[in-house]
Amino acid sequence: SLSTRNCPCKMSQIPPKSPLAPPLSERVSSRVDSLDRLSMDSFWLEVENIKQSSEAEQEECSLADVKTQEEGDAEAEWLQDAGLSDLLGDRASENDNIVLLSTLTKTQAAAVQRRLDTYSRSRRRKNKHPVRDVRDIFGVVGSGETVAEKEDSRPDQLWHNLQTANVQKQTQDYSCTVRNPGKEEAFNMDVAYSEQAAILLKGSFLSESRRIKDGNALTKFKIPKGRLGVTRIGDLSAQDMKKIPTLALIELTALCDVIGFELKRNKAVKLKTTEKRLFGVPLNTLLENDQKLLPNTKVPLLLQALLSCLEKRGLETEGILRVSGSQTRIKSLEQKLESDFYTGLFRWDEVHQNDVSGLLKRFIRELPAPLLTAEYLPAFAAVQNIPDLKQRLQALNLLILILPEPNRNTLKALLEFLSKVVARENNNKMNLWNVSTVMAPNLFMHKGLPNKIPEGKEKQLAEGAADVVRMMIHYQDLLWTVSSFLVAQVRKLNESNSKRYQFYDKRIKNLLRKIHADKDKVEKNQAEPCKIVKVHASLLLKDSLEVHLNSATRVADVLRQFQKNLCQNGWNIVNTVSLLKCNNSTESTNLLLYEVGGNIGEHCLDPDTYLLDLYHINPHAEWIIKQNPSYPRMF
């Protein structure tokens, strides 16, 4: 087989495997054996194609070398990315981080503390300015699930009440899950993954049955819907989504700490500029240019065009993605796209489908930074080394939440297309493993990143990379979910921020009185068995809908009631044409209910959300019915 060391586009460095994991070769070997000994020929053929297409231009686009960081520098960069850079300074800036620290779980706080310890030791050795003692930081934060109101401030006692209160319930939840191999398993998103891992580790519940034994029959996971429903990426406002990556980074680090897995990140690098308009252009630049033509564009128009062309005429093509088009034609087509794409003169119907798939893969490879980002590409590649399947998916879920929005949206569009290819397997002869082995080199090999692959490990690393792509394709619906515990942390951040800003008001006594009154009101509301609220639909109607809530009232019930009143009561409709169908009735998929304000920016609600429970959590929010933005309009 072809060694990646001979290819100008090199596999990125993979962090060491987890000390808890069995030998990599043994684990990967058993996983690949379970795939009916499927060969990796497609992977190495794709590597050869990449080599041939890159030989003449390997100096055109590259990243700066990733330099080894000195001790303490990695921790300082981590604290910055985790939104805790002020902890590196003096006491004067402490308040900016108290809010975030107050939302952390026990395992998350321990992860922060470890990085501060390492940073402090390195700074002392370098005789720099004194840094904060971690006990000073964590001694002032904590409450129930979080640190803020905890009276015992000793570091070794932090979060003790939370763990004691939850340990019995959590042990029961996860022990029954891991002992049912081959069945649909629950994927719990209510409790932080790192806390789940700590419980499993303490109870020794990890077992061989949780590893993939049959690659052709991957374990089915289902997210149990709590009373507040499930939140998908895209359901939260941009303002709230900006808080998610820092929280996800802290949680991913805590999870890796608990399972004994080393999480390494590359140092962020500066990108070299290019005179091209499409290929080799950073995603942000592409989107900025595209949004001048089509506002709110979230996926590059070129990628949308490539995927659309393949979906229309390439899904049935045998060997699509695997069979390489002509490199000469692909290079010529790239030049034509550079000049004609935005003018609308490019003729897609004249292009061979294998050449279009070649352009698609070239677009991904030619991005100045990897689609999975230079910083986190090693972490994505290393997920294969986590022995437990559910924990691998937890890590992938967090990594996807950490990705910048342009990268995450582009990756989702790609994965959705790859799922459609797999769905036509009977015609195109491309099953999930075939597609994964072909796409892995295009996602995990980048000519700008250093190559430090141990001798003889190419095959195992290639198989592992393909397995990660396979998981991203197969489990993408699960991976594009925002865990309930992260949404809860966002709510706490918003609550704490609003309370902090209130104290800038001079009438502090009145404000304190109001805060206590609001707290009493919330506690009183939580005891109420029913509630009458108003639901607004200002863009659709001039009237509001009065809803009687009880413990069984769901979002879907309110939307049905709203639709019934629309048709029966002849409400004053503002936008009749786009809302009503020809038979004078509405469709449930046409309407969505949003939670707006209070401790959330804007939150599109799951139809199965129980509204009285939501009211108790966020009594100051407004509920607004809007038309589904993805629903085709009638005008």
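Looking at an unreviewed UniProt entry, one finds the protein chain named RHG40 protein, with Casuarius casuarius as its source organism. Word for word, the UniProt comment on the protein chain under Function (unreviewed entry) is "GTPase activator for the Rho-type GTPases by converting them to an inactive GDP-bound state."

Draft legend 1. Broad picture of the nonpolar core. Leu321, Phe380 and Phe444 are the most contacted members of the largest nonpolar core, which has 125 residues in total. Ranked by residues supplied to this core, first place goes to helix α10 (residues 244-259) with 10 residues.

Draft legend 2. Representation of the environment of Gln52 in the model. With respect to the element layout, Gln52 can be found in helix α2 (residues 41-54). With relative accessibility at 45%, the residue Gln52 sits in the partly exposed group. Each C-alpha atom, one on Gln52 and one on Gln327, is 8.3 Å from the other, the two residues being 275 residues apart in sequence.

Draft legend 3. Representation of the pairing of strand β9 (residues 591-597). Of all seven residues in β9, six are buried; the element is thus mostly enclosed. Sheet topology places β9 next to strand β11 (residues 622-627); six bridges connect them, and they run antiparallel. From the neighbouring strand, Leu591 faces β11, where its bridge partner is Gln627. Judged from the four bridges that link them, β9 and strand β10 (residues 600-604) form a sheet pairing that is antiparallel.

Draft legend 4. Highlighting the packing of aromatic side chains. Going through the model one piece at a time under the given rule, you end up with eight aromatic pairs. Centre to centre, the rings of Phe279 and Phe363 are 6.2 Å apart; their planes meet at 80°, and the pair counts as edge-to-face. A residue pair is termed long-range when its members are at least 10 positions apart, and Phe279 in the loop between α10 and α11 (283-293) and Phe363 in helix α14 (residues 353-366) qualify at 84 residues. Both residues of the pair, Phe279 and Phe363, belong to the buried class. A ring pair is formed by Phe346 and Trp348, whose centres lie 4.7 Å apart and whose planes are at 65°; its orientation type is edge-to-face.

Draft legend 5. Expanded view of the environment of Val99. Structurally, the position occupied by Val99 is in helix α4 (residues 95-101). The sequence separation of Val99 and Ser496 amounts to 397 residues, and the corresponding C-alpha distance is 6.0 Å.

Draft legend 6. Structural detail: the pattern of salt bridges. Under the defined criterion, the tally for this structure stands at 24 salt bridges. Ionic pairing is found between Asp240 and Lys243, a salt bridge with its closest N-O pair at 3.8 Å. The class of Asp240 is buried, set by a relative accessible area of 1%. In this structure, Arg560 engages Asp557 in a salt bridge whose closest nitrogen and oxygen atoms are separated by 2.6 Å. Of this pair, Arg560 and Asp557 both sit in helix α24 (residues 555-569), three residues apart, roughly one helical turn. The class for Arg560 is partly exposed, based on a relative accessible area of 46%. Through salt bridges that share partners, Lys225, Arg554, Asp557, Arg560, Asp606 and Asp608 make up one connected network.

Draft legend 7. Examining the sheet that holds β10 more closely. Strand order in the open sheet formed by five strands is β8-β7-β11-β9-β10, and the pairing between neighbours is mixed. Both edges of this open sheet fall to β8 (545-550) and β10, since each of them pairs with a single strand only. The mean inter-strand angle of the sheet, taken between neighbouring strand axes irrespective of direction, is 30°.

Draft legend 8. Looking closely at the environment of Pro282. Structurally, Pro282 is set in the loop between α10 and α11. As for Pro282 and Pro370, which are separated by 88 residues in sequence, their C-alpha atoms are 9.7 Å apart.

Draft legend 9. Looking closely at the confidence of the model for the protein chain. Looking at the protein chain as a whole, the pLDDT averages 75, with 66% of positions reaching at least 70. No element of the protein chain has a lower mean pLDDT than helix α7 (residues 160-178), which averages 35, and none a higher one than strand β6 (residues 481-482), which averages 97. When the criterion is pLDDT under 50, residues 58-68 qualifies, and its contacts beyond four places in sequence or with other chains add up to 25 contacts. Segment residues 207-215 is flagged for pLDDT under 50; beyond a separation of four residues in sequence, or across chains, it makes 23 contacts in the model.

Draft legend 10. Inspection of the pairing of β8 at higher detail. Burial of β8 is one-sided: the residues Leu545, Val547 and Leu549 facing one way are buried, the residues Glu546, His548 and Asn550 facing the other way are not. Of the pairings in the sheet, the one linking strand β7 (residues 530-536) to β8 comprises six bridges and is antiparallel in character. Residue Lys531 lies in a different strand from β8, and its bridge partner there is Leu549.

Draft legend 11. Seen up close, the packing of helix α12 (residues 301-313) against helix α17 (residues 405-423). One can describe the packing of α12 onto α17 by two numbers: an axis separation of 11 Å at closest approach and a directional angle of 5°. Between α12 and α17, the crossing angle belongs to the class labelled roughly parallel. Only Thr410, Ala413, Leu414, Phe417 and Lys420 of α17 make contact with α12, whose side of the interface consists of Leu303, Leu307, Leu310 and Glu311. Across the contact of α12 with α17, the residue classes break down as six nonpolar, one polar and two charged.

Conventions used here
- Residues numbered from 1 in each chain as written.
- Predicted model: local features only at pLDDT ≥ 70, side-chain atom pairs only at ≥ 80, totals over all residues.
- Heavy atoms only, no water.
- UniProt positions renumbered as here; feature names shortened; annotations may be inferred.
- Core = buried A, V, L, I, M, F, W, Y, C linked by side-chain atoms within 4.5 Å.
- Buried < 20%, exposed > 50% of the residue type's maximum accessible area, 1.4 Å probe, protein only.
- Helix = DSSP H or I, 4+ residues; strand = E, 2+ residues; numbered from the N terminus.
- Pairing = 2+ DSSP bridges.
- Phe/Tyr/Trp six-rings, centres within 6.5 Å; stacked < 30°, edge-to-face > 60°.
- Salt bridge = Lys/Arg side-chain N within 4 Å of Asp/Glu carboxyl O.
- Axes fitted to C-alpha atoms, helices over the stretch in contact; angles between N-to-C directions.
- pLDDT = per-residue confidence, 0-100.
- Contact = heavy atoms within 4.5 Å.
- Parallel < 35°, antiparallel > 145°, perpendicular 65-115°, else oblique.
- Nonpolar A, V, L, I, M, F, W, Y, C, P; charged D, E, K, R; others polar.

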